[in-house]
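Listed below, chain by chain, are the residues.
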Amino acid sequence: MSQFDVVVIGAGPGGYIAAIRAAQLGFKTACIDAGVNKAGDAPALGGTCLNVGCIPSKALLQSSEHFHAAQHEFAEHGITVGSVKFNAAKMIERKDGIVTKLTGGIKFLFQKNKVESLFGKGSLKGRNGDLWQVEVDDKGNKSVVEAKHVIIATGSVPRPLPLVDIDNVNVLDNEGALNLTAVPKKLGVIGSGVIGLEMGSVWNRVGSEVTILEALPTFLGATDQQIAKEAFKIFTKEQGLTIELGVKLNEIKNNKKSVSVSYEVGGETKTETFDKLIVSIGRIPNTEGLNAEAVGLEKDERGFIKVDDECRTNLPNVWAIGDVVRGPMLAHKASDEGVAVAERIAGQKPHLDFNNIPFVIYTDPEIAWVGKTEEQLKAEGVEYKKGTSGFAANGRALGLGKAKGTVKVLACAKTDRILGIHMIGPIVSELVAEGVMSLEFSASSEDIARIVHAHPTLSEVLHEAALAVDKRALHG
Ligand code: FAD
Ligand code: NAI
């Protein structure tokens, strides 16, 4: 029976990074993963993120943005392209190529770092002295490996909607939404969260009439509401997404050629018929098949594996990271927890500050933030000052043809320490990194105001927002 220092279950961005870091630290490491490629005929490492999440969605967002630009933006640059055609199947093929390249890359990284890659479903069998026994089930072909430490990184799966089954033909989860090879004339989306907005944007840009039905009365409730309101206006008024808030779903019928949804909103009952319906109402932790109950692995009331601040479960030397534990369901959070756990096993003392995890929504304009929102600061009774600045007069943004959006810096009224940075605008997914660094290094708004920002760059808007905290914006 093979013995390891560390066995990781799951090779998503949490698990594969944990395995690589553990191997780098000198541990004999194996990583078990049951993921298969789109065709279902070969293992595919990388989890949700690489196969059916972050990476494929960003590939489609880029393709659809190019199509939209060719149709609506090229002319103002003096570029005439004649009639522009869109081939959804080709877009999906490009996306699949990127996925294959990156998932193959992890296989290579495992080889390079001497991580043993095991294919199959991993589950905890029990203890053999100080070691954990982990079963690997490759379609009925079972084997057992032993390990001193086990890191569970089994991720999450889409939250099911009791009103309708996902068939990934007409009613789609993220996998189906990322694989449509023809543009649906009318697309319905349940949930105006991150997937709903990103996927809604993709198909809206390439010609679908998109209606998003959201249960909550507030749009993007976790986002700073000044930014969320600006986003809502742009998405609905300028981009033509229909977003209904405060919706109560009554019935969903999959008629095979179409899907009808009846719902109540604002006291009215409505029925809409769509060619395709995406269900994106959140994700739930995936602990299926781990044998958690039998070995006494504790979960919380929402089904997440219970861990302390350092990702220790209630079982000795069993750790859990990523989407399967509390905290935001984000790839970078999963990876950073993976690194931290491997280093803790090695006796190091890494620290991960949950307040400094950046969030990004890859719409156009993008939305990004780090730290507290104004709503959170008010609720916590924290006195703060704020500075805002827009992209409208930023030279780089104007050159890009993307001069929309705002950056807001929130700082402590007494100490000037930055508490939160919120943005909507062009490529703010990159700009937020400066915000993360500021929070991580406990910067004041004056620190950002005094740092030289290159000209002309989008980062000058963050600089101006920091200056504005002290009411000394130069271009405001
Ligand atoms: P996962 O990536 O879910 O990986 C879990 C792995 O464990 C899988 O490979 C699975 O096959 C395997 N597994 C499960 N059970 C077993 C078992 N018993 N035995 C063996 N293997 C098992 N996050 C971002 O930060 N940025 C984004 O832009 C972003 N975009 C997203 C877009 C979409 C459409 C979706 C759905 C998600 C997106 N996310 C994004 C979220 C991100 O994908 C997840 O937070 C991240 O993948 C979680 O990583 P993980 O390692 O915890 O789990
Ligand atoms: P989400 O939590 O972002 O949004 C789900 C939305 O559905 C919420 O607004 C919720 O109020 C709504 N909802 C729930 N039940 C409903 C119902 N019955 N009827 C109508 N609306 C309902 O979840 P989503 O979009 O499914 O994404 C899952 C997770 O994946 C995200 O939480 C995020 O962690 C991750 N993700 C991250 C991305 C990024 O970082 N850019 C991109 C896509 C996903």
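Everything discussed here concerns the structure shown above.
Criteria and cut-off values
Residue numbering note: each chain is counted from 1, following its sequence as written. To read the labels, note that chains go from A and ligands from 1, taken in the order they are written. Totals for whole chains, interfaces and linings use every residue, but because this is a predicted model, local features are given only for residues with pLDDT of at least 70 and side-chain atom pairs only at 80 or more, for both listing and counting. Side-chain numbers come from the whole structure's heavy atoms, not from hydrogens or water. We call a set of buried residues a nonpolar core when its members are Ala, Val, Leu, Ile, Met, Phe, Trp, Tyr or Cys and they connect through side-chain atoms within 4.5 Å of each other. Buried means the residue's accessible area, taken with a 1.4 Å probe over protein chains only, is under 20% of the maximum for its type, while exposed means over 50%, and partly exposed covers the values in between. A run of H or I in DSSP counts as a helix once it spans at least four residues, and a run of E counts as a strand once it spans at least two, with each numbered from the N terminus. For this analysis, residues touch if any pair of their heavy atoms sits within 4.5 Å. For two strands to be treated as a pair, DSSP must find at least two bridges joining them. Interaxial angle, 0 to 180 degrees, is taken between N-to-C directions of lines fitted to C-alpha atoms, where a helix line uses only the stretch in contact. Here the aromatic set is Phe, Tyr and Trp, taking the six-membered ring for Trp, and pairing holds for ring centres within 6.5 Å; pairs whose planes are under 30 degrees apart are stacked, those over 60 apart are edge-to-face, and all others are tilted. Each reported salt bridge corresponds to a side-chain nitrogen of Lys or Arg within 4 Å of a carboxyl oxygen of Asp or Glu.

(A) Spotlight on the nonpolar core. One finds Trp-203, Phe-219, Phe-235 and Ile-367 to be the most contacted residues of the largest nonpolar core, which totals 34 residues. The set of elements that each furnish at least two residues to this core consists of α3 (54-72), α4 (88-113), β9 (186-190), α6 (194-205), β10 (209-213), α7 (225-238) and β19 (366-371). Ranked by residue count, the leading element in this core is α7, at five residues. Beyond its immediate sequence surroundings of up to four residues, Phe-219 is in contact with Ser-192, Leu-197, Gln-225, Ala-228, Ala-231, Phe-232, Phe-235, Ile-243 and Leu-245. Val-407, Ala-411, Ala-465 and Leu-467 belong to the second largest nonpolar core, which has 26 residues in total.

(B) View of the sheet that holds strand β20 (residues 384-390). One open sheet holds the five strands; their spatial order is β18-β19-β22-β21-β20, and the pairing between them is antiparallel. On the outer flanks of this sheet lie β18 (359-361) and β20, each paired with one strand and no other. For this sheet, the mean angle separating the axes of adjacent strands, direction not counted, is 10°. Strand direction decides the pairing type here: strand β21 (residues 406-412) and strand β22 (residues 418-425), joined by six bridges, are antiparallel. For Lys-408, the partnering residue across the bridge sits in β22 and is His-422. The strands touched by helix α12 (residues 428-440) within the sheet are β18, β19, β21 and β22, with β19 carrying the most contacts at an inclination of about 5°.

(C) Layout of the packing of aromatic side chains. A complete count under the given rule lists four aromatic pairs for this structure. With a centroid separation of 5.1 Å and an interplanar angle of 50°, the aromatic rings of Phe-67 and Phe-86 are classed as tilted. Here the residue Phe-67 occupies a position in helix α3, and Phe-86 occupies one in the loop between α3 and α4, the gap between them amounting to 19 residues. By relative accessible area, which is 9% here, Phe-67 ends up buried.

(D) Structural context of the pattern of salt bridges. Inspection of the entire model under this criterion finds 28 salt bridges. When the shortest N-O distance is used, the salt bridge between Lys-125 and Glu-135 registers 3.9 Å. Highlighted residues: Lys-125 in strand β4 (residues 121-128) and Glu-135 in strand β5 (residues 131-138), separated in sequence by ten residues. Overall, Lys-125 belongs to the partly exposed group, its relative accessible area being 44%. For Glu-135, a relative accessible area of 16% corresponds to the buried category. In this structure, Lys-306 engages Glu-298 in a salt bridge whose closest nitrogen and oxygen atoms are separated by 3.6 Å.

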